[in-house]
Amino acid sequence: MALDLTWSWEPKIQAFFQTLDPHLWEESSHNPVVLLDRLGPEGISRAMERPEVQAAWEEAQNRLREHRERRPPPLEAGAPLLVAYFSLEFGLTEALPIYSGGLGVLAGDHLKAANDLDLPLVGVGLLYRQGFGRQRIDDEGNQYEVYPENRFEELPLERVAGPTGPLEVEIPLGETTVRAGVWRARVGRVPLYLLDTDIESNPPELRGITDRLYVPEPQRRLPQEMVLGIGGMRALQAMGIEATVFHMNEGHGFLVAVERIRQLRQQRQLTLEEARLVARAGVIFTTHTPVAAGSDYFDGGLVYDLLNPYLSEVGIGFERFMDLGRERPGDPREPLCTTYVGLRMADHAVGVSRLHGAVSRRLWKDAWPGLPEGQVPIHSVTNGVHMPSWIAPEIAALLCRHVDPYWWELDGEDPRWAGVDQISDAELWAHHQGLRRRLVEAARGRGIGGHELEPDALTIGFSRRFAAYKRANLLLTDPGRLQALLNRAGRPLQFVFAGKSHPADDRGKTILRDIVHLARQQPRVAFLVDYDIESARLLVHGADVWLNNPRRFLEASGTSGMKAGANGALNLSVLDGWWDEGYTPAAGWAIPSGATMDSPSTDDAAEAEALYRLLEREVVPAFYERDGQGVPTRWIAMMRSSLRHVATQFSARRMVLDYFKDCYAPAARRVEQLRLLPDWGG
Ligand SMILES: *Cc1c(COP(=O)(O)O)cnc(C)c1O
């Protein structure tokens, strides 16, 4: 039960672990493997004598059995389909710290939704010794990070066995070879395979390749991506897993396509060109960045040193390979950009929201010289979030009662969703108030500042990476006006912030420092240190309003607003990323921005003014408009709209179904057609 991550979204199984020992459950950072280990066989037996533990155990077992036995109708692809999904990070639970932020959580949610849909899919990633840098803040408000070591035997993972002991695969690295062990996490039915170079058969200098997520130095990053792409493909082969479709989540997985070519040539005597076509037919690529600098770039010298012997084996000339990653093929000074490789090696490439699709077509159009921008073949699948993981158990219980016990498996158009409108004002408000109080208590207890946060005051959540373009400090433009908003008699406004800045981003760090200072000065502002999946849950469950004010076109999607919106929070956001298509006046507000695709510069002062006006004239009055019983009926109606709209349109279920229809099934059919050609030889 501990090793099947179904517990990460099933409250009844979590309740069992918690009942065993509530204190240890918290202390273990919700890791059942650690909990059970600390209790030991005797401690577990003793706890099981308590009737409430027995009852919780029965309940958890039944629920797990139900999950395992549930098989939704099979998805018909029209060809053999098994998807291998590659990502450098996966955020499944705070107990498995191998993620950094939004990209990883999205990948984790993708696996969970694939499980719910019974889509044949396996995940492939890396297992880091120091996965997740924990944020600390010093007295001056400066962020620093500490990196606790992961002890793999204490994580909810199993080592994969090979024919003679633990499975290991070999990855070429320049003139030498590095080996990787393979671990498996079970996301219900969906396995996630994680590669690890910290094994005894490697020389000491190579064991550290999978030390840490997102090492900044290219000479350390490229070996990681080689382990992910080449090693991940070889691990699948060694385990006899014959995927037909390969999904590269972001450019980090670019070598998947190359290793696919190598394997095809080895198995089927294909020419390079034939193998390239067959490989391409099955490759799906998702780009996540809205700016070119967000991609990885590797200099020719580094690529030559680390990859050339391997490329020779595959049969790709070095310059030909470099050209795959260049804006202008043939320019030897240009480094290799992994996004270009991904775009050129994939039959279907997508951005992560409709708007980001358009931004990406403009950004990467040079890969298709002469093609009008509108015809550049980059499409979009809008992100979504795994609703059972992100909707608070209290709200989920209402959906179970009023919509369906398996509400997250319903299509967005299913008439049962109308049950959301049957949830009474009193009930929804009482549950939401409870969740806000929990957030306020946590922010007062372990946040920076926030001494005067009130349990019933309008609470705005803002948590995301502190990067300059996200403008966490837009609110500080006019301190007097902010002060007035915070302290209006009878109508106070309060803020809970969280988020990290990239260790190398000095402007982001300065903004973070400004927010920490604000929290230290303003008792109605708190900063929650060390944003992770656990604090993200606390925030998206308890906030009344979710604020997002990036410079327009720079937020590819954003998913925290979906998590908050599905819990009934109202989004107050610039029309960027997902909100550009998700916005409806029934469920939130749009902060006007003058930026357009052709003139993307923003006027910070004007947007700050618009934000203040919306807060003063719309948001605060709507929240404090109460009926005779003190219930904000109009606000609650908006909460219901938000919940229903977001939970149906921006679920990971909808996202994975879109991937299935637009990308996976067509790719599987193309691969099958090519397989049937006489030349294929099989
Ligand atoms: C959802 C999530 C994110 C991404 O949120 P954005 O809105 O895309 O910034 C980042 N970190 C954690 C821990 C999350 O849960």
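Residues numbered from 1 in each chain as written. Predicted model: local features only at pLDDT ≥ 70, side-chain atom pairs only at ≥ 80, totals over all residues. Heavy atoms only, no water.

## Describing the overall build of the protein
Turning to step 1, where the next piece is worked out: Along the backbone of the protein there are 24 helices and 23 strands.
Turning to step 2, where the next piece is worked out: Relative to the 2.2 N^0.38 estimate, which gives 26 Å for 682 residues, the radius of gyration of the protein is 25 Å and therefore close to what a compact globule would have.
Turning to step 3, where the next piece is worked out: When its C-alpha atoms are laid out on the principal axes, the protein stretches across 80 × 65 × 55 Å.
Turning to step 4, where the next piece is worked out: Here the analysis covers contacts within the protein between residues at least 6 apart in sequence; of these, 72% occur between residues at least 24 apart. (Helix = DSSP H or I, 4+ residues; strand = E, 2+ residues; numbered from the N terminus. Rg over C-alpha atoms; globule rule 2.2 N^0.38 Å. Contact = heavy atoms within 4.5 Å.)

## What to know about the sheet that holds strand 23 (residues 588-591)
Turning to step 1, where the next piece is worked out: The strand order 17-20-19-18-21-22-23 describes an open sheet built from seven strands, whose pairing is mixed. On the outer flanks of this sheet lie strand 17 (448-449) and strand 23, each paired with one strand and no other.
Turning to step 2, where the next piece is worked out: Examined bridge by bridge, strand 17 and strand 20 (residues 525-528) share two bridges and lie antiparallel to one another. Note on strand 20: the bridge partner recorded for G449 is A526.
Turning to step 3, where the next piece is worked out: Lying on the sheet, helix 22 (residues 604-624) is in contact with strand 18 (458-463), strand 19 (493-498), strand 21 (545-548), strand 22 (570-574) and strand 23; it crosses strand 23 at an angle near 165°.
Turning to step 4, where the next piece is worked out: Each of strand 18, strand 21, strand 22 and strand 23 touches helix 23 (residues 633-649); the most contacted strand, strand 22, lies at about 75° to it. (Pairing = 2+ DSSP bridges. Axes fitted to C-alpha atoms, helices over the stretch in contact; angles between N-to-C directions.)

## Here's the deal with the pairing of strand 8 (residues 168-173)
Turning to step 1, where the next piece is worked out: Summarising the sheet, strand 8 and strand 9 (residues 176-187) pair through six bridges and their orientation is antiparallel. Bridge pairing in strand 9 links L173 to T176.
Turning to step 2, where the next piece is worked out: Between strand 8 and the antiparallel strand that follows it, strand 9, lie two residues; G174 among them carries a positive phi value of about 60°.

## Let's talk about the site of the ligand
Turning to step 1, where the next piece is worked out: By nearness alone, 14 residues border the ligand, and G102, W390, T559, S560 and K563 come closest of all.
Turning to step 2, where the next piece is worked out: Residue T559 places a main-chain N or O atom 3.1 Å away from an oxygen atom belonging to the ligand.
Turning to step 3, where the next piece is worked out: Protein burial of the ligand: of its 390 Å² of free accessible surface, 91% is covered by the chains.
Turning to step 4, where the next piece is worked out: Elements supplying a minimum of two residues to the shell around the ligand: helix 5 (102-117), helix 19 (533-542) and helix 20 (560-566).
Turning to step 5, where the next piece is worked out: For the shell around the ligand, the class distribution of residues is five nonpolar, five polar and four charged.
Turning to step 6, where the next piece is worked out: When residues of the shell around the ligand are sorted by domain, at least three fall in each of domain 2 (83-383 + 657-675) and domain 3 (389-650). (Near = heavy atom within 4 Å. Polar contact = N/O pair within 3.5 Å; in protein donor to acceptor, adjacent residues only side chain to side chain. Areas by Shrake-Rupley, 256 points an atom, 1.4 Å probe, with all protein chains shown as cover. Nonpolar A, V, L, I, M, F, W, Y, C, P; charged D, E, K, R; others polar. Domains from an automatic or database assignment.)

## A look at the nonpolar core
Turning to step 1, where the next piece is worked out: Counting residues in hydrophobic clusters, the biggest one holds 135 residues, and the most contacted among them are L307, F321 and Y664.
Turning to step 2, where the next piece is worked out: In terms of residues, this core owes the most to one element, helix 24 (residues 652-675), which gives eleven residues.
Turning to step 3, where the next piece is worked out: Taken together, domain 1 (5-69) and domain 2 (83-383 + 657-675) each give at least three residues to this core, which thus spans both.
Turning to step 4, where the next piece is worked out: Not counting chain neighbours up to four residues away, the residues in contact with F321 comprise F254, L255, V258, V303, L307, L311, I316 and L336.
Turning to step 5, where the next piece is worked out: Residues W407, V525, V619 and A647 belong to the second largest nonpolar core, which totals 98 residues. (Core = buried A, V, L, I, M, F, W, Y, C linked by side-chain atoms within 4.5 Å. Buried < 20%, exposed > 50% of the residue type's maximum accessible area, 1.4 Å probe, protein only.)

## Here's the deal with the side chain of Q224
Turning to step 1, where the next piece is worked out: With respect to the secondary-structure elements, Q224 resides in helix 7 (residues 218-238).
Turning to step 2, where the next piece is worked out: The contact partners of Q224, leaving out residues within four places of it in the chain, are L126, Y128, I209, T210, R212, Y214 and V215.

## Things to note about helix 4 (residues 51-69)
Turning to step 1, where the next piece is worked out: Between its first and last C-alpha, helix 4 extends 27 Å over 19 residues, near the 27 Å set by a 1.5 Å rise per residue.
Turning to step 2, where the next piece is worked out: Three or more residues of helix 4 are buried, namely V53, A56, A60, R63, L64 and H67. Seen end-on, helix 4 carries its buried residues on one side only, within an arc spanning 100°. Exposed side chains of helix 4 directed beyond 90 degrees from the buried face belong to P51 and E69.
Turning to step 3, where the next piece is worked out: Those residues of helix 4 hidden inside the fold are in contact with helix 1 (11-20) and helix 3 (32-48). (Expected span 1.5 Å × (residues − 1). Arc of directions from axis to C-beta.)

## Considering the packing of aromatic side chains
Turning to step 1, where the next piece is worked out: The final tally for this structure, using the stated rule, is 23 aromatic pairs.
Turning to step 2, where the next piece is worked out: Relative to F90, the ring of Y85 has its centre 6.1 Å away and its plane inclined at 55°; by these criteria the two rings are tilted.
Turning to step 3, where the next piece is worked out: Look at Y85 and you get buried, because its relative accessible area is 1%.
Turning to step 4, where the next piece is worked out: According to the relative accessible area criterion, F90 is buried, its value standing at 1%.
Turning to step 5, where the next piece is worked out: Ring centres of F462 and F497 lie 5.4 Å apart, and the angle between their planes is 50°; this geometry places the pair in the tilted category. Note that F462 is positioned in strand 18 and F497 in strand 19, a separation of 35 residues in sequence. Take F462 and F497: they sit in the same class, and that class is buried.
Turning to step 6, where the next piece is worked out: Among the aromatic side chains, those forming a connected cluster through ring pairs are W7, F16, F17, W25 and W57.
Turning to step 7, where the next piece is worked out: For K563, the ring lying beneath its charged end belongs to W390, and the centroid distance is 4.1 Å.
Turning to step 8, where the next piece is worked out: Against the face of F623 rests R626, its NZ or CZ located 4.9 Å from the ring centre. (Phe/Tyr/Trp six-rings, centres within 6.5 Å; stacked < 30°, edge-to-face > 60°. Lys NZ or Arg CZ within 6 Å of the ring centre and 35° of its normal.)

## Quick word on the domain arrangement of the protein
Turning to step 1, where the next piece is worked out: The assigned domain composition of the protein is domain 1 (5-69), domain 2 (83-383 + 657-675) and domain 3 (389-650).
Turning to step 2, where the next piece is worked out: A separation of 34 Å is found between the C-alpha centroids of domain 1 and domain 2.
Turning to step 3, where the next piece is worked out: With 14 residues of domain 1 at the contact, the number on the domain 2 side is 17 residues.
Turning to step 4, where the next piece is worked out: Summing the contributions of domain 1 and of domain 2, the shared interface buries around 1100 Å²; its carbon and sulfur component is 55%.
Turning to step 5, where the next piece is worked out: When the buried area of domain 1 at its contact with domain 2 is split by residue, L5, W9 and V33 rank highest and sum to 47% of it.
Turning to step 6, where the next piece is worked out: With a closest N to O distance of 3.5 Å, R38 and E154 form a salt bridge.
Turning to step 7, where the next piece is worked out: Run the count over domain 1 and domain 2 and you get four residue pairs in polar contact (both at pLDDT 80 or more). (Buried area = accessible area lost by both parts, 1.4 Å probe. Salt bridge = Lys/Arg side-chain N within 4 Å of Asp/Glu carboxyl O.)

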